[in-house]
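In case you want the letters, here they are:
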Amino acid sequence: MVKVWPDHFQITRTRSYSGRRETIGRRGRKPQMFAKKRKKPWIEEHIECRDCCTIIPDPKNPEKCQCGLEIGLHEPTAEKRESGKWDYPVHTQRVPCNAYGRIKFLDEDVHQQPEFARVDVDYYEGGRVGKIMELLDTGWNLAAPNLLISVTGGAKSFDVNPDLLEEFKRGLKEAAKTTNAWVITGGTATGIMKFVGEALRGSSGTAVPCIGIATWGIIKNRNSLKRTLVRRNKKGVFDYKTSEPPKQGEAYLDSNHTHFLLADNGTSGKFGSDVKLRGVVEAAICEKFSPDFGQNSEEKMNLPMICICVEGGPNTLATCLAALNQGNPVLVLAGTGRAADLISFALKEVSERVVMDVRTNKLTTEHVLQFKVLITNEIKRLEMPEKDVELMFVNLQKLLVQRDLITVYNFQAGDDKARFSEALIDSMMKAYKSGDSNLRFTQMMLAISWQRLSKARSLINCTDELKFTAEHLKMFLKQSILLNRVEFVELILKTNLELRTFLTYGTLKDLFNHINPKTQTIGKKLKTESEDRGKGEITLGLIGQTLEHIIEGRYRSEWASAEFEYYAVEDKIVNNPYDVMCLYCVFMQYHDMAKLFWRNCKEPIVTGLICAKINWWLSAFEGDKLACDEDKAEELQQQGVEFEGMAEQVILKCYKEFDRKEWTSVLTSVRKSVNNMNIVDLAQNIRAENFLSQAAIQSHMNRIWMGEIHHTTQAWGIIFSCLLPPILFLIRYNKKAMSPEERDIMHEAILKKRAEETGEDIEKICKTTLKIPERRKRNWKEKIVAFYTAPVVKFTLHFMTYVLFLIGYAYRLLHFGDDKNYILPKSKISILDILLCLWIMGQLPIEIDQIKKQNPITLKDKLKVHYDSTFNIMDTLAILTFWTQFIMKAVASHSSMNLLHGFTVQNTAHVINVFSFALLSLRFIQVVEVNINMGPKVIMIKKMMIDLILFLFLIFIFLLTYGVCSQALKDPTSLNFDGGRLCLLPALNIFGEIGLEDLEADVLVGHCVVPKDMTVNETCVSTYEDNFLGFVNEHSVVLIHYYILQVLMFAYLVFVNVLLLNLLIAIFSNTYESINSEASKIWKVQWCFVVKEFEQRQPLPSPLSLVYYIFQSARWICNVEHIKCLLYRAPCSCCGKFKPTPPKPVSELDDYQLLMLIADARVEYSNELQENEQNDTPKSLRFIKDKLISLDHRMSEMERRGYSGGGGGGGGGELPKLGENSEVYSILQGEHKDSRKTPYIGSDVQRYRVNDRYVSWDVAFPEEESYNPPNFTTTTVLDIANKLEADPNDPRDILGEFNDVKQVGEIMIDRTSFIQKYQVKNGYPRNPKGRTGLRGRGQLLRWGPNPTAEPIITRWARDNTGALIKLNGLPVLEFVGVFLREAECWSIPGGPIRHGEHLTEALKREFSEDALGGLTANEEETKSIMNMLKEHLELGIAVYKGYVDDPRNTDNAWVESSAINYHDSLGTSFSKFPLRAHDVGAGETIAAEWIALSKNINLYGNHEWILEKVCFHRHAFNPFTTHTKQTSLALAE
C-alpha cells in the first residue's frame, strides 16, 4: 500500500478547507481531505519546482547553458538550440517537487533537523501561494504567529563590535519570543542571515520559527537534497555536508534556521530569484494569520510585520521601500554599514538641513540637488556601487515620504535610551498612524500580545474622553486570558469592567475552544472526544462531564446537563464568575492567573480544593502518557498542593478568627455548587490529605467523634457506661440549644420570678433587658439518645461485640470435634454456630448500608469507592467464606461425598472456616488503627507490605534457581522427584534448617540406581547408608555432584541470608524514614474516614443491628406511599425516590452570612500574602528599594527639565534624594535596630555586638570572631510554673510544636508566625529577622513568636467649639495612649494573646486592663462599660500584622503584633469611656490619656510606624512622615 502523506508531513490538527471542517490523519492513516487514494505524496501533488527544458549555450562558456547549469547535467529530453536568449518562463517547465524533507547537517553541532521544500518561484501567480501557506500551516504544523519579522541586509560578512552583535542577537531573540513571532531571512550561512540564525538558536534548538527563503540555484551541494538522486532514511532525512568552502555564486544553508523555502526558477548560480517570492509569501502570511480580536469585519487588520535593515546594498533599499509601501514599519540599525547607514544619514540630513514640502511631503525643488550631492558623497564614503547612485537616490526620496514609519536604532552607540528589543517593538507602533480611528484599540491589542504592560497602563489610565468602551475592555480581557497575560488581566479588572458582565456561557465555551492540544495536557483529550461525538467544538457539556470524571464521588456539574449540551445558553450570565474562571485557568494550566481569580472567589475553599484535584488528575494523566513529561507532571502535582494549601489557609483563618459557631458553619454547610456536599465531604472525596490533617478539621472531627458527650470525658468512662448503662447518666454532656418555644417559656418564668422578688409590674420588667441562656442541661431521655448516637460509643460497642465474636469464633474452631451439643449432629452445627451466624447476618446489612451511603450516585461508582479499601474487601470475603462453610456443614448432614483422598465436605468446610477466621482476625487491625499511637504504625506496616511482596518475588527467583539446580544434582534420574520439596527445602535453608543429613540421604538415593530398569538399588542404599563418604569417594560422579552442591548451597545462603535480607532491612529502614514524617498525616486522614463511617452508622452493634434494620424495613414497607412509588415509578412524598431532596444545611447561619465569613477570611489571607510579598521578604524589600531609587531618579530628571512640582520655571523646591545613608534606605534593609539595643531593657545585661552586615543568619561571622551571645531570661519569667502562662526553660518541654497549631486538651496552642515559617536550630527557634546579640527569652513569656494584641483607639481632634482641627487640609487624629514608666515613653495599649484566646477577646482584655484601669469601678459600671466595649470592638480595620522591632526581642523569642484600629468618628462611643491608670509594677502604665498625634511625643518601639499607617488609612494628617517615607508607604499599600 502506497502512503499518501510522508511521515514528516503528517498533519495532526483540524483545519477548515473550502468552508468545511476536515481532519488530517495521523501517521499511517489516510487524510480525510483526500477522497481518493493517490500514488504520490501530497507535497508532490501540490508543490512544484522548475527544470530547464531548453538548452541554449552560454556564449562566454559554451559548456554551460544560459541557465547556469552544465549542458551534460540537463535531462535527456531537454531541447537543444544553438543560439538565442534564455528566459525562465519560456525555457523551463514545472515538475512535481523532488526535494523536500528534513536536513541533517553532518559537519555542524546542531540538534535540530530543519524542514525544507523546493518551490516554484512563480507561486505568486493565480493565488497559488495558498499551497505554500498550507504547507507552512498544516504540513509543517507551525503555530500561528503574532508578529512577522523580516530581516534584510548584506549577504557578505561585515565588521561589527562583538558586544553590539551580542546585544543584537539577545534583543532579537527576546523580541521574537515575547511576541510569538516568525522570523524570515535569506536563509544562507552568510552575513546577517547567519547572525539571525545564531541569535535564535537555543541550547536544544530554537522555539522561534526562523524561515529562510533562499534561491535554490545558489545552494551548494543541493543535489544531496534531491530525492531522485540520493538515498534517504525512512523518515525523509537528508545528509548535508558543509565542510568545503563554497565557490563564487554558491552558499550553504544556515544550520540554525528551522525551515527553508528554496525558490527555483530553473537557474543555477544566479542570485535574486527569491526576492519576489519572499515578498509574496510575507504578504500572504500577514493576510492568512490576521489576529482575531473579536472585532467587526471593518476593523480587521493584517498580521503586524516589521522589516529590519542591517547593512546591505541597493537591493536592501528596494526591500525596505517595498515594506513601507505595504504600510509596514522599518527598523534601521545605524552603524552596521552601507544601506543602513545611508538611510540613517538621509533621515538625519532631512531633519537638520534639508527642507521638505509640507503639502507634498517631498523635497523642495531647491533642495533636491543639495540632497543628491550629500547622498552621492555618502555613497562614496560607504563604498557602495556608484553605478546605482541614481537608483538609490530615487529610492531614498520615496523612503523619506514615509519616514514616519522608519525608526533608526544607533547600533554602534548602543543607544542607552532603549534596548534593541524595546526599540523593535516601539517601532511597530508607528505602523498605526494617528489618523487611524482604531489606533488606541490596535495599540492596546499589540501591547497585550507583546507583553508591554507600561504601554497598556498608559492607554487605560487616560482621560475620560479617551477611555475604552466596555466592549473594548471585554475584548482586551479575553485576549489577555487567552495569551495568559496575568498582569494585563489584573490591570483590566481594576477598571470599571465587571467580570460577571464579561463572562457569559458563550464566552466561556469560546475560551475552552482555544485550548491547545500541544501545550495543555487535557487539550488533546477534549478535542478527540468532541470529534468522536460528531461535534466540531468543545461544549460545556463535555467540560462538565470531564469535571465529574475528575472529581468523582457525588459531585455533579450543572454543565453536564442537557441544557448545556444541546440547547443555546450562550447569552446566559455565569454564576460565580471568579470561581469559574479559576477552574478554566487550571484546565488551561495558567496557574498564576488562576491564583489571581481565586483571590476574588465567592467560595475560595471549594474552588481551591477542586483546583487541587484537577491539577492532581492532570499530573496523573500526564504521567500515564507514553511519552510523559516527568517535570510537567511534577509541576502539576506541586500546583495542586499549592491550591490545597490556599484552601487550607482560608479555613485556618476561619478557625482562628471566628467563634465556634461560625467556623463550624463554614465546615458543615452544604454547597450547591458541589451537589450539596459540605467542605469535609468534598475534601474526603478528593483525598485532600494536607487539608484533612490540619488542626481545624481535626478539631471538628474530634467534636463529631464525641457527639454530644463532653470532650473532657475519659475513655474509661465511656467503656464502663457501655458495660453498665446506668453509669451513662453520670457522664458530662454538652448543653442542648433551646428552641424558641423553650426560650419563651423560660422568659416568662424569669419575669414571674423577678416580679415576685421585686414586686414590680411585669410590663415594666419587660422593658429591661433580661439575659436568657441559649442552652440548657439535658434530661435523662436526651442523655440516652446523646450517648448511643455518639460515634465514639458506636465504635466502643462495635469493638466489644467484635472481640466477643472473635473469642467465640476461636473457641468454635479449637473445639471443632469435642462439642457434643449439636443442633444438627451430622452437620456438627451447634448453638455457638447459630450465634456466630447472627453476628454475621447483622454485619451484612451494615456493609450494604455503608455502600449505600458512599458519595457516588450510581451503584457501580459506589461499589468502586467502597472496595477501594482493603478492609472492605476482607469483610466481603469473610462473609462469603463464612456462609460457604456454614452451607457446606448443613449439606454434609445429607451427603457423605468424599472430595479428594478421603477429604470430606466437613473437612473442606473446616478449612474454609479457618480461612474466614483469619480474614476476620486481620480485620481487627482497623479497630486498632483508630488509636493515635497504633494508627501510624499500621500505616507503616501497610507501606512495608508492598516492599515485602516485591522482595519475596526477588527471593523466589533465587529460591527456584537453587531448588532446581540442587534437585538436578541430588537426583540426576529424577526417580525421587518431589515438586513440594523443590521450593520447601530452599525456603527452610533461609531460616537455618540446613539439613546436611537429609542432603546426604537424597544424594545417596538419587545415585543408587539400577541402570537397566532405572529403579532405586535398595542394596546400594542399605550398604552405604552409614558410610556416605565411602560411597562418594568410590564414585567420581557423585563426588563432583556433592561438592558442587555444597558450593551452590554456600553461594545461595550468602546471597539470600547476607545480601538480600540486609537489603530488605535497608528497604524497611528507608521506608520507615520516608513514611515516619507522613504517617501521622496519613493517620489523620484515615481517622476522618473512620469518624464519618461511625457517624453514619446506626447505633446498635451486630447482631442487635438486625432488630434495627428489620424495624426500619417494616416501617418502610408498611407505608402505602412507598408501594405506590415502586409500582408506578413516581416520586413519593416520604422517601423522595427518583427525586432526591437535598440535605438541609447544618449551619445556624444563612447563605449570605456564611459567604461573608468565608470572604472575610479569604480577603485577610490574600492581604497577608501581598503584605508578606511586599514587606516581609528580602527580595520584595530590594524590589521596593529599587523602585524608590528609580522613582527618585525620574523625579530628579523631571526637576532638571523644568517639571518640578512648584509651578513653573522649576522653582518648586528640591526633590529628596535616596542614598545609601538615607533613612528610607536603612528602613528598606529590614534591619531591626531596637532589637539590638544594649543593655537589655530593664537589666544590666549587655548584648553581643552585631554589625548591620551580620544581622542575617545567612551571613556567617568572620573567622576571627565567633557569635557567642549571652543567654538571659528574667527570673520573673522563670518563676512562672504554669505552662499556659509561660513556657518552661527548656523549649523541648513546651506545649504544642513550633511552626504548628496543635490542640492540647481543650486549648489550641498556636505557635505559627505571622511572617513566615521560622527555623528551629537544636530545638531553639530562630528570630526570622536575624541576630539580636542575646539568647534566651529575656522578658518574653514564650519561645519563638509572642503574639500581642494592640487596639488602636482613635478619634478626630476637635477644638472647644467641636470643630475638627486640621493641618495642611487634613484632620488631626487623637489616640488612646498609655505611659510606660520603665521606658519613659507613650505606647499603644496592648499585651500578649493567651493560648486559645481569640484576637477580639485579647483586644478587649488588653484595652480594659491598660486604658480602663482594669475596670476597678463598681460592678454596675463595669458591666455597662464591658457591654459597650464588646459592641464597639466588633468593627475595626487591621492596620498591621507582623514582626515588631521590640527591645525585648532575643535570638529565640520575639514580639509579633496584631494592630487593629477602631475609630470613633463622631466621638460618641470610645470617647465616653473613663480612662484610668493601672499601676501594677515597674514597666506598667501609670497614665492613660487621649493624645493628639505630634512629632514631639516619644513613642515605644515601632508604634510610630503603626500610627503612620493609621493616618494613611484614615486620610489624616501625618506629623511623622517625610516625602520619601510617604512614597514608601503608598507603595507598600
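Just so we're clear, the structure is a prediction, and the values are computed from it rather than from any experiment. (Residues numbered from 1 in each chain as written. Predicted model: local features only at pLDDT ≥ 70, side-chain atom pairs only at ≥ 80, totals over all residues. Heavy atoms only, no water.)

### Regarding the sheet that holds strand β14 (residues 305-310)
Strands sit in the order β12-β7-β8-β13-β11-β10-β9-β14-β15-β16 across an open sheet of ten strands; the sheet is mixed. Since the sheet does not close on itself, it has two edges, and those belong to β12 (237-240) and β16 (406-410), each with one partner. Each strand axis lies, on average, 25° off the axis of its neighbour in the sheet, ignoring direction. Two strands pair when backbone bridges link them, and strand β7 (residues 100-105) and strand β8 (residues 115-120) are joined in this way by three bridges, in the antiparallel orientation. Along β8, the bridge assignment pairs Y100 with A117. Sheet contacts for helix α6 (residues 274-288): β8, β9 (147-153), β10 (181-185), β11 (210-215), β13 (259-264) and β14; angle to β9, the most-contacted strand, approximately 165°. (Pairing = 2+ DSSP bridges. Helix = DSSP H or I, 4+ residues; strand = E, 2+ residues; numbered from the N terminus. Axes fitted to C-alpha atoms, helices over the stretch in contact; angles between N-to-C directions. Contact = heavy atoms within 4.5 Å.)

### Description of unusual backbone geometry
Residue P1103 follows S1102 across a cis peptide bond; omega there is 5°. Between T1238 and the following residue, P1239, the backbone shows a cis peptide bond with an omega angle of 0°. By secondary structure assignment, the location of P1239 is in the loop between α49 (1223-1228) and β25 (1271-1273). Positive phi, close to 60°, is recorded for E383, a residue that is not glycine. Mapped onto the secondary structure, E383 falls in the loop between α9 (365-381) and α10 (389-401). Look at E383 and you get exposed, because its relative accessible area is 69%. A positive phi angle is found at N1322, which is not glycine, with a value near 55°. Relative to the assigned elements, N1322 resides in the loop between β28 (1320-1321) and β29 (1324-1325). (Buried < 20%, exposed > 50% of the residue type's maximum accessible area, 1.4 Å probe, protein only.)

### A short note on a negative patch on the surface
A cluster of acidic residues, E630, D631, E634 and E635, forms a negative patch at the surface. On the basis of relative accessible area, E635 is assigned to the partly exposed category, the value being 44%. (Patch = residues over 30% accessible without salt bridge, like charges linked within 9 Å, V, L, I, M, F, W, Y side chains within 5 Å. Areas by Shrake-Rupley, 256 points an atom, 1.4 Å probe, with all protein chains shown as cover. Salt bridge = Lys/Arg side-chain N within 4 Å of Asp/Glu carboxyl O. Lys, Arg positive; Asp, Glu negative; His and termini not counted. Charge placed at Lys NZ, Arg CZ, Asp CG, Glu CD.)

### So, the nonpolar core
Within the largest apolar cluster, 121 residues are counted, with the highest numbers of intra-cluster contacts made by I481, Y584, F597, L609 and F691. Ignoring anything within four residues of it in the chain, the contact list for I481 reads V489, F502, L511, M581, Y584, Y590, M593 and F597. Listed in part, the 39 residues of the second largest apolar core include I43, I55, I213 and A284. (Core = buried A, V, L, I, M, F, W, Y, C linked by side-chain atoms within 4.5 Å.)

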